[in-house]
Amino acid sequence: MNEQESPEVQARIRSSFERQGLMRHLGARLADIAPGRVSITLAARPEVTQQHDYVHAGATSAIADCAGGYAALTLFDQDSEVLTVEYKINLLEPAAGDHIEAVGTVLKRGRTLTVCLLEVYGLQAGGERKLAANGQQTLIRVDRPAG
């Protein structure tokens, strides 16, 4: 069983996620928020697939980047935000299934830079789960903009 994040941090992460236009446009959903770990799911709909009916690498990469960013944000105070400095993703096999799940996990939290592991799984209705992509991400902590 995963450790659950505090209600305050969960609310902050959910509020931020709801303001993300790209995640809303893709139809992505927050699935789990735990300290240093966030997962995001995306249904495999025609709007997010490529010509062979697999989930497009752009959609796969976008939810992976977002999952890592929010995983890092769970470890910082309410006056902090994070921005991606860089990430690399390896597309191991086509992202196939009823939906995909991106999991971001903090590997090393720093005062300024944080490094996350990114994993994306294709999930079938019967419960089969296959690793479709993995990667690594570096984020920078910044002060939350006034306003």
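One can find the structure itself at the top, above this paragraph.
My aim in this report is to walk through the structure given alongside it, one point at a time. Position labels on residues start from 1 in each chain and follow its written sequence. Totals for whole chains, interfaces and linings use all residues, but because this is a predicted model, local features are given only for residues with pLDDT of at least 70 and pairs of side-chain atoms are given and counted only at 80 or more. The basis for the side-chain values is all heavy atoms of the structure; hydrogens and waters are excluded.

### Details of the overall build of the protein chain
Secondary structure elements follow DSSP: runs of H or I no shorter than four residues count as helices, runs of E no shorter than two count as strands, and numbering proceeds from the N terminus. Helices and strands together make up the secondary structure of the protein chain, namely three helices and six strands. When the helices and strands of the protein chain are read in sequence order from the N terminus, they spell out α-α-β-β-α-β-β-β-β. Against the 2.2 N^0.38 benchmark of 15 Å for 147 residues, the protein chain shows a C-alpha radius of gyration of 15 Å, consistent with a compact globule. Each of the three principal axes of the protein chain carries a C-alpha extent, and together these read 45 × 35 × 25 Å. Exposure is judged per residue with a 1.4 Å probe applied to protein chains only, and the accessible area is read against the type maximum: over 50% gives exposed, under 20% gives buried, and values in between give partly exposed. When each of the 147 residues of the protein chain is scored for burial, the buried share is 44%. Whether two residues touch is decided by their heavy atoms; if any such pair falls within 4.5 Å, the residues are in contact. A sequence separation of at least 24 residues applies to 63% of the contacts in the protein chain between residues at least 6 apart. Method for areas: the Shrake-Rupley scheme with a 1.4 Å probe, in which residue coverage is limited to the protein chains shown. For the protein chain, the exposed surface amounts to about 7,900 Å²; the carbon and sulfur share of it is 50%. When we talk radius of gyration, it's over C-alpha atoms, and the globule rule is simply 2.2 Å times the number of residues to the 0.38.

### Topic: the packing of aromatic side chains
Pairing of aromatic rings covers Phe, Tyr and Trp, the last through its six-membered ring, and needs centres within 6.5 Å; plane angles under 30 degrees mean stacked, over 60 mean edge-to-face, and all others mean tilted. Applying the stated criterion across every chain yields a total of one aromatic pair. Between the aromatic rings of F17 and Y70, the centroid separation amounts to 6.1 Å while the plane-to-plane angle is 65 degrees, which identifies the pairing as edge-to-face. In this pair, F17 sits in helix α1 (residues 7-18) while Y70 sits in helix α3 (residues 57-73), placing the two residues 53 residues apart along the sequence. Summarising the burial analysis for this pair, F17 and Y70 share the class buried. Both a distance and an angle decide whether a charge sits over a ring: NZ of Lys or CZ of Arg must be within 6 Å of the ring centre and within 35 degrees of the ring normal. The ring of Y121 has R129 lying over it, and the distance from NZ or CZ to the ring centre is 3.9 Å.

### Quick word on the pattern of salt bridges
Put simply, a salt bridge is a Lys or Arg side-chain nitrogen that is within 4 Å of an Asp or Glu carboxyl oxygen. This model, assessed by the stated rule, comprises six salt bridges. A salt bridge links E81 to R144, with the shortest nitrogen-to-oxygen separation between them at 3.1 Å. Taken as a pair, E81 in strand β3 (residues 80-91) and R144 in the segment after β6 (129-143) lie far apart in primary sequence, 63 residues in all. Salt-bridge contacts for K130 lead to E93; the nearest nitrogen and oxygen are separated by 3.4 Å. Taken together, the residues span a long stretch of sequence, with K130 in strand β6 and E93 in the loop between β3 and β4 (99-108) at a distance of 37 residues.

### What to know about the sheet that holds β6
Read across the open sheet, the six strands follow the order β1-β2-β4-β5-β6-β3; overall the sheet is antiparallel. Each of the sheet's edge strands pairs with one partner strand only, and the pair in question is β1 (29-34) and β3. The mean angle between the axes of side-by-side strands here comes to 25 degrees, regardless of whether they run parallel or antiparallel. At least two DSSP bridges between two strands are required for those strands to pair. Judged from the nine bridges that link them, β4 and strand β5 (residues 113-123) form a sheet pairing that is antiparallel. Within β5, the residue paired with I100 across the bridge is G122. Axes, fitted as lines to C-alpha atoms, cover a helix only where it is in contact. Angles between the N-to-C directions of the axes lie from 0 to 180 degrees. Lying over the sheet, α1 contacts β1, β2 (37-43) and β3, oriented at roughly 155 degrees with respect to β1.

### A word on the packing of α1 against α3
Contact geometry for α1 and α3: axes closest at 10 Å, N-to-C directions at 150 degrees. As for how α1 packs across α3, the hand of that crossing is right-handed. Taking contact as the criterion, the partners of R12, I13, S16 and F17 in α1 are, on α3, C66, Y70 and L73. Gly counts as polar in this scheme, as do all residues outside two lists: the nonpolar Ala, Val, Leu, Ile, Met, Phe, Trp, Tyr, Cys and Pro, and the charged Asp, Glu, Lys and Arg. Class assignment of the residues belonging to the contact of α1 with α3 gives a composition of five nonpolar, one polar and one charged. In this scheme the crossing of two helices becomes right-handed for a clockwise turn of the near helix relative to the far one and left-handed for an anticlockwise turn of less than a right angle.

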